[in-house]
Each structure stands twice: as C-alpha cells, then as structure tokens.
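Analysis of the macromolecular model
Residues per chain, in single letters:
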Amino acid sequence: MNAAPVSRRARPAKVPLSRDLVIETGLRILDTDGSAALTMRRVAKELDTGAASLYVYVAHRDDLLIGMLDHVLSQVPVPTEGDWRTRVTQLVETSIDALGRHDGLALVAFGRFPTTEHALGLIEQLLSLLREGGLDPATATWAVDLIYLHIAAEAAENSGAGGSAYRADLSRRLADLPTRFPTMIAWQTHLRDGDGDARARWALRALLNGIVATPVGAR
C-alpha cells in the first residue's frame, strides 16, 4: 500500500536566508567537522538550499571566511579596567582565545589588512590604547601590525585539534634530533615544554617592551 503523499506546504517554514545565517552556519560546520568540510555546497546543504542561493549573501568561500572572522571578533569584549598595558594585554589575550576556538580561522587574518567592521574596531582599540601609552602615531601604527600578527600567530598555534597535533609532532621530532643540533638537544625541554599561557604572556610583554623602547626613527 502506497503512503499518502505529503504536501510541501506541511513542511516547517525555512528560516529566511541572510548573510548572518550563512556565516553562523559556516562557523558551525567549521567547529564540528573542520576547515576541510567548509565548502559552499556543504553550507547550502545545511540550509536546505542550492549553492547558488548563497552568492547573494557571500561572494565566495573567502568572503565567507572573512565574514566568519569578523563575526568572531565581534564577540571580543572591550577591556575597561587597568592601565593601557593591562588593557592591551586583555584585548590581545581575549582576541587570541576567541580566534583559537575555531580551527584554522586565524589563518584568514594573515596576509591581509583587516577591513571589516569588527576587525577595524580591534585595530582602533589597539591604536587608542597605544596613543594613551604615549606612543607617537608612526610607532603606534607600525606596532599594531606586529600585535595583529601576534594575535593571528598565537591563535593559529593554539586552535583546536591542530594545536594539539602540532605540539605532539614537535615533541616527537625534538626527541629524535640528529647530533648536528647540540644546543637544541641540550635545551629541548625548554623548546618543548612549559606553560603555554605563561609563554604567550611573556611574548606579549617582550613585544610591548620592544615597541615602547623602539620608536620609529630611533637608531
């Protein structure tokens, strides 16, 4: 006996497509299945539509990734307590943490000046804090390039399973170094181990100290 046909009108109404919905769906796929699974076709399938429908809201996969990056940066809180160094540190650490929760997303930040709303907002906050710290405009703007790269690099290293796999691979390689690397063999514990958070905090302190001590034009 054949089942009675089901009217299409009986289906639940689909949520209207929007750029925000496409971006949120992309993030969900990234977090669940990793960057290799993030394709326009997969996003369309999740939204029960055709891939061509997505191009009204995102131009291509790179545009989707940029939108995802900006969405994540929109969730970074603005620090309000402490002196300018404390607030820079808080802003950098929360940005690293936000990006590091999404595998591969930090790599999108490399190689391009941020031009989206919340990425520009991050740059504006950093510039304002560096100005508060007494840095001249040239030094502050060059410093932001370094700080932004630091955020992207730390987040990329720490992100998801990729970060764990990298550290495990590093440990294996350091344990089997050829004798032509005697200093690395002697210091491999320091290269491999240690508190990652403490190392990241030290790196940022070293970066800020160097920036303050090296104004643009100094010899």
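The sections below set out a description of the structure shown in this document. (Residues numbered from 1 in each chain as written. Predicted model: local features only at pLDDT ≥ 70, side-chain atom pairs only at ≥ 80, totals over all residues. Heavy atoms only, no water.)

**Here we look at the side chain of Gln188**
Counting through the fold element by element, Gln188 comes out in helix H10 (residues 188-192). Gln188 has contacts with Leu174 and Ala175, leaving out every residue within four places of it along the chain. (Helix = DSSP H or I, 4+ residues; strand = E, 2+ residues; numbered from the N terminus. Contact = heavy atoms within 4.5 Å.)

**Concerning the side chain of His150**
By the secondary structure assignment, His150 is in helix H7 (residues 137-158). His150 gets classed as buried once you look at its relative accessible area, which sits at 12%. Excluding residues that lie within four positions of it along the chain, His150 makes contacts with Val92, Ile96, Ala200, Ala203, Leu204 and Leu207. (Buried < 20%, exposed > 50% of the residue type's maximum accessible area, 1.4 Å probe, protein only.)

**Brief notes about the pattern of salt bridges**
Applying the stated criterion across every chain, the model contains 5 salt bridges. In this structure, Asp63 and Arg19 form a salt bridge, with 3.2 Å as the shortest nitrogen-oxygen distance. Placement of Asp63 in helix H4 (residues 61-73) and of Arg19 in helix H1 (residues 19-33) is noted, with a sequence separation of 44 residues between them. For Asp63, a relative accessible area of 18% puts it in the buried group. Here Glu46 and Arg42 are joined by a salt bridge, their closest N and O atoms 3.1 Å apart. In this pair, Glu46 and Arg42 both sit in helix H2 (residues 40-46), 4 residues apart, roughly one turn of the helix. Look at Glu46 and you get partly exposed, because its relative accessible area is 38%. Owing to a relative accessible area of 24%, Arg42 belongs among the partly exposed residues under this scheme. (Salt bridge = Lys/Arg side-chain N within 4 Å of Asp/Glu carboxyl O.)

**What to know about helix H11 (residues 196-213)**
For H11, built from 18 residues, the straight-helix expectation of 26 Å at 1.5 Å per residue is met to within 8% by its first-to-last C-alpha distance of 26 Å. Among all positions of H11, only Ala200, Leu204, Leu207, Leu208 and Ile211 are buried. End-on view of H11: buried residues confined to an arc of 95 degrees, all on one side of the axis. Among the exposed residues of H11, those oriented more than 90 degrees off its buried face are Trp202 and Ala213. Those residues of H11 hidden inside the fold are in contact with helix H5 (84-100) and H7. (Expected span 1.5 Å × (residues − 1). Arc of directions from axis to C-beta.)

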